[in-house]
Amino acid sequence: MRNAECRMLKGESCPHEGMRRSGSVHAITARSSAKVRGAFTLVEILVVVAIIVILLVSVVTLGGWAVRKGQSKNTEGMLRIVADALEQFAADAPLAAVKQPGGAGQVAYVSRYGKYPADELEVYGSGIPGSTQGRSLAPGGGVVVPDAGGGYQRMTFVLGGAAPQFENRDIATMLLAIELHSESAAQILSRVSEKHLVAVPLDGAGDPVQYLDRDRDGKYNPKDDEPLRWLVDDWQVPVTYFSQRDFRDGAAESSNHPQADGWSWNEVSTRLVKMNGGAPVLMSWGPDGKDQRTEVNQTGATAANIATDLLGLDGSAKDRIDNPLNADNVYANPALAEKLAGGK
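What comes next concerns the included structure. Fair warning: this is a prediction, and the values are worked out from it, not measured in the lab. (Residues numbered from 1 in each chain as written. Predicted model: local features only at pLDDT ≥ 70, side-chain atom pairs only at ≥ 80, totals over all residues. Heavy atoms only, no water.)

### Let's talk about the packing of aromatic side chains
Then step 1. By the definition in use, this model includes six aromatic pairs.
Then step 2. Judged by centre distance (5.2 Å) and plane angle (85 degrees), the ring pair of F157 and W265 falls under edge-to-face. In this pair, F157 is assigned in the loop between β3 (143-145) and α5 (169-181) and W265 in helix α8 (residues 265-275), connecting sequence segments 108 residues apart. Taken individually, F157 and W265 each receive the classification buried, so the pair is uniform in this respect.
Then step 3. Ring geometry for F242 against W265: centres 6.4 Å apart, planes inclined by 25 degrees, an arrangement best described as stacked. Taken together, the positions of F242 in strand β8 (residues 240-242) and W265 in helix α8 put the pair 23 residues apart, joining distant regions of the chain.
Then step 4. With a relative accessible area of 4%, F242 lands in the buried category.
Then step 5. In textbook terms, an aromatic cluster arises when at least three aromatic residues are bridged by ring pairs, as seen for F157, F242, W265 and W285. (Phe/Tyr/Trp six-rings, centres within 6.5 Å; stacked < 30°, edge-to-face > 60°. Helix = DSSP H or I, 4+ residues; strand = E, 2+ residues; numbered from the N terminus. Buried < 20%, exposed > 50% of the residue type's maximum accessible area, 1.4 Å probe, protein only.)

The following block contains the structure:
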């Protein structure tokens, strides 16, 4: 009889049984340990959640940046098309022979705006100097309503300002001039997407806030009159157009039209056009345009006002656009953007 069997007969435990029991205990212990190791502590869970949140924020941030970058590129492409239309307008020079009453005699239209479309509705009004064909450059003498001749409005880029009927008159005038005077330039302009060419808003009576009153009866008639349009960027904010370039130090107020705080929009426009090689300046306010074009950011000494920023009235460098709110502005001419940022 084997020793194990003998010991079992004598009441001793079998070694094999002990081994089996020991193995079972180790197995149970291992399984228990595995269960303990497999569970996450609260701290570990919080760390994992924090990592996931950080990754999600990074993805959203990068995605938003990519979207804004694409919108900026789309806006720049649209502005370049319009710039091409402006150059075609200049080549056609439909207003080159136009004379405006001014001072003691006649002033050539090109001395104020060059061969480009004007950036002020005065040229399509009845109370501000127009042309030798009448007080308005519009064929037939039609005038834009409301008539800017009722009093020269301070240039502003505030959205929803006190006089919304005069908002964005720079861009409205430019589009009207192209469509009225240059068919070839209008064909180039037609390449601009409809999402960037929008009808002006309606007033309380349901009429356009700006329209060309062809029959000059002071009432909007959809059969005879033409609603104006605004050019907007990818963020649906109207862009800005500078064409006036006749500022002269010491010139008469009627030309320079200084503001109460000592600077002139005419000076700003002249500086920008000169920096752009004599060509008009087309600019979008970028992704934060709605924030920039609030009253608080466009009046007083706020540097987000293009004039204050460019002229250095906020204490910054002159002939530079360096306010953070203006850092993402989009220009038709990338070289001008670089120059304004101080790159040249």
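Moving on from the coordinates now.
### Description of the sheet that holds β8
Then step 1. As summarised here, the arrangement of the three strands in space is β8-β9-β10, forming an open sheet in which the pairing is antiparallel. With partners counted over all chains shown, the strands left at the sheet margins are β8 and β10 (330-331), one partner each.
Then step 2. Pairing analysis gives three bridges linking β8 to strand β9 (residues 281-284), with the strands arranged antiparallel. Residue pairing across strands places Y241 opposite L282, the latter belonging to β9. (Pairing = 2+ DSSP bridges.)

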